[in-house]
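The lines below spell out each chain.
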Amino acid sequence: NAGVTQTPKFRVLKTGQSMTLLCAQDMNHEYMYWYRQDPGMGLRLIHYSVGEGTTAKGEVPDGYNVSRLKKQNFLLGLESAAPSQTSVYFCASRRRGSNQPQHFGDGTRLSIL
Amino acid sequence: DQQVKQNSPSLSVQEGRISILNCDYTNSMFDYFLWYKKYPAEGPTFLISISSIKDKNEDGRFTVFLNKSAKHLSLHIVPSQPGDSAVYFCAIRTSGSRLTFGEGTQLTVNP
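Residues numbered from 1 in each chain as written. Chains lettered and ligands numbered in written order. Predicted model: local features only at pLDDT ≥ 70, side-chain atom pairs only at ≥ 80, totals over all residues. Heavy atoms only, no water.

Visitor: An account of the sheet that holds strand β1 (residues 4-5) of chain B is requested, with residue identities and associated values reported.
Guide: Residue and element names in this part refer to chain B. Here we have five strands laid out as an open sheet, ordered β1-β3-β8-β7-β6, and antiparallel in their pairing. Both outer strands of the open sheet, β1 and β6 (56-59), are each paired with one neighbouring strand and no more. Examined bridge by bridge, β6 and strand β7 (residues 62-67) share four bridges and lie antiparallel to one another. Residue pairing across strands places glutamate 58 opposite threonine 63, the latter belonging to β7. (Pairing = 2+ DSSP bridges. Helix = DSSP H or I, 4+ residues; strand = E, 2+ residues; numbered from the N terminus.)

Here it is in structure tokens:
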């Protein structure tokens, strides 16, 4: 019973490089989310999706793009990585319904040099 | 303008005693409130929630209290155990399908 799986777990990039973080969930959840967590701060929403083929901006979307081509996958892309994007990234998913909790993956630790 | 705030970055309690974690919010229209627990190198896990039609919700050792007039949420853990040592985040549904998280409180339960 995998739940929410994030790939990779760790990555080091150079400034200007691009990469894609993958989130996969096996719970048939409609909603998926990408957050970043920085020291002393809570989780901040980057982008989210309420269904296959739909995405929306969160609180801190600049510098990131997302795609939800399949219901079970939510991809987060960095086109040109910057040191300010050094963070721990968490993906979450939840069932449709007003009071459903989000279920989180174990995070991707990303360092931009 | 921070909508959700946890003013205590850390809390230390003795095993067996009560732990009280606090969270304040700004908008009286918020209607669904959650607590998550996070261990190092893991994702947050859902702990307990409460909707605005209630003022208390209990699940075993964990109780969440909601004071709507004060716009204040608290989590009580009784009795506290060393395994409860973790970072606790309050989260509030601030619009539609989105949650806004507090900064987190590191709870340490000493044996």
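Next comes the rest of the description.
Visitor: Explain the side chain of A:Arg94 residue by residue, including any values.
Guide: Structurally, A:Arg94 can be placed in strand β9 (residues 87-94). Of the buried charged residues, A:Arg94 lacks a salt bridge, with A:Glu30 as the closest side chain of opposite charge at 7.3 Å. A polar contact is formed between the side chain of A:Arg94 and the backbone oxygen of A:Gly97, at a distance of 2.7 Å. The contact partners of A:Arg94, leaving out residues within four places of it in the chain, are A:His29, A:Glu30, A:Tyr31, A:Tyr33, A:Gln100, A:Pro101, A:Gln102 and B:Ser97. (Buried < 20%, exposed > 50% of the residue type's maximum accessible area, 1.4 Å probe, protein only. Lys, Arg positive; Asp, Glu negative; His and termini not counted. Salt bridge = Lys/Arg side-chain N within 4 Å of Asp/Glu carboxyl O. Polar contact = N/O pair within 3.5 Å; in protein donor to acceptor, adjacent residues only side chain to side chain. Contact = heavy atoms within 4.5 Å.)

Visitor: How would you explain the side chain of B:Arg93 if you had to name every residue and give the values?
Guide: One can find B:Arg93 in strand β9 (residues 86-95). Relative accessible area serves as the criterion here: at 14%, B:Arg93 is assigned to the buried category. A distance of 3.1 Å separates a polar atom in the side chain of B:Arg93 from a polar atom in the side chain of B:Asp31. Among all residues touching B:Arg93, those that are not within four sequence positions of it are A:Ser98, A:Asn99, B:Phe30, B:Asp31, B:Tyr32, B:Arg98 and B:Leu99.

Visitor: Please provide a residue-by-residue account of the state of the cysteines, values included.
Guide: Residues and elements named next belong to chain A. Summed over the entire model, instances satisfying the criterion amount to two disulfides over all chains. Here cysteine 23 engages in a disulfide with cysteine 91; their sulfurs sit 1.9 Å apart. When the S-S torsion is -75°, as for the bridge of cysteine 23 with cysteine 91, the disulfide is left-handed. Here cysteine 91 lies in strand β9 and cysteine 23 lies in strand β3 (residues 19-25), a separation of 68 residues in the sequence. (Disulfide = S-S within 2.5 Å.)

Visitor: Any chance you could break down the interface of chain A and chain B for me, citing the residues and the numbers?
Guide: At the junction of the two partners, chain A supplies 24 residues and chain B supplies 18 residues. In this assembly, chain A packs against chain B so that about 1600 Å² is buried in total across both faces, 57% of it on carbon and sulfur atoms. Along the contact surface separating chain A from chain B lie zero salt bridges. At the junction of chain A and chain B, the tally comes to five residue pairs in polar contact (both at pLDDT 80 or more). Here the side of chain A that touches chain B is built from residues that sort into 11 nonpolar, nine polar and four charged. (Buried area = accessible area lost by both parts, 1.4 Å probe. Nonpolar A, V, L, I, M, F, W, Y, C, P; charged D, E, K, R; others polar.)

In short, geometric facts, not functional conclusions.
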